[in-house]
Amino acid sequence: MSVPALAMHAAATAPGVAAMRRTRIWALPEIRWAAVALVLFLGGLAAQLAGGPTGLWWALYLACYVCGGWEPGLAGLQALREKSLDVDLLMVVAAIGAAAIGQVTDGALLIVIFATSGALEAFATARTEDSVRGLLDLAPETATRLDADGHEDQVQAVDLVVGDLLVVRPGERIGCG
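Position numbers for residues count from 1 along each chain, tracking the sequence in the order it is written. Residues qualify for local features only when their pLDDT is at least 70, as the model is predicted, and side-chain atom pairs are given and counted only at 80 or more; totals for whole chains, interfaces and linings, by contrast, use all residues. Working from all heavy atoms in the structure, the side-chain values ignore hydrogens and water.

Q: Explain the nonpolar core residue by residue, including any values.
A: We define a nonpolar core as any set of buried Ala, Val, Leu, Ile, Met, Phe, Trp, Tyr and Cys residues linked to one another through side-chain atoms lying within 4.5 Å. Residue exposure (1.4 Å probe, protein chains only): buried if accessible area is under 20% of the type maximum, exposed if over 50%, otherwise partly exposed. Core analysis: the biggest nonpolar cluster contains 19 residues, and F41, Y61, C64, Y65, V104, A108 and I111 have the highest contact counts within it. Setting aside residues up to four positions removed in sequence, C64 forms contacts with A37, L40, F41, G69, A108, I111 and V112. Core analysis: the second largest hydrophobic core is formed by six residues, L28, A115, A119 and A126 among them. In this analysis, two residues are considered to be in contact whenever any of their non-hydrogen atoms come within 4.5 Å of each other.

Q: Any details on the packing of aromatic side chains? Residues and values, ideally.
A: Think of a pair of aromatic rings as described by two things: how far the centres are apart, and how the planes are tilted against each other in angle. Each aromatic pair joins two rings of Phe, Tyr and Trp (for Trp, the six-membered one) with centres within 6.5 Å, and gets the label stacked for planes under 30 degrees apart, edge-to-face for over 60, and tilted for any other angle. Under the counting rule described, the total for this entry stands at three aromatic pairs. Every member of this aromatic cluster is reached through a ring pair, and the members are F41, W57 and Y61.

Q: Describe the sheet that holds strand β1 (residues 142-146), with residues and values.
A: Strands are labelled as partners when DSSP assigns at least two bridges between them. The helix count covers DSSP runs of H or I at least four residues long, the strand count covers runs of E at least two residues long, and both are numbered beginning at the N terminus. As summarised here, the arrangement of the three strands in space is β2-β1-β3, forming an open sheet in which the pairing is antiparallel. Of all the strands in the sheet, just β2 (152-156) and β3 (165-167) have a single pairing partner and so form its edges. Direction aside, neighbouring strands of the sheet carry axes that sit 50° apart on average. A fitted line through C-alpha atoms represents every axis, and for helices the fit uses only the stretch in contact; the resulting angles, taken between N-to-C directions, go from 0 to 180 degrees.

Spatial relationships are all this shows, so hold off on functional conclusions.
Right under this line is the structure:
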């Protein structure tokens, strides 16, 4: 184990130190759907460029539409029910319009790009949530409060109020309510 890896391992297993939770990339459904849409698109493109049967590459592209576009399609329909236009609805309409005029490849590429952007957004959001959760896990449950007489009291961090004086010794984490 390298020195940085050993230090990270020691910090993660030290008593009182919360281990950092990370969302695994494949745990997100948006990532899985975008990956399936990409594979179907590449399969359709390969079949089309290799001169395969038109029905085959159309079927692969349409499967790409379904896998990559069902979630934005539902979001777009929900926005339409609320009498508003959003990018999800416009993307689905553009992809369907491309297929309607025979440009199924362009529509499928649009679906893949849009599904990938949604997957990246979901991944960034999950990592941000993980980081915030990790910070919250670092907050101690108790704090040392200094009362008016100069006595130190161990109190629950949730019982602290603005204006309390805290004693923070070197290396201690600061409790906040």
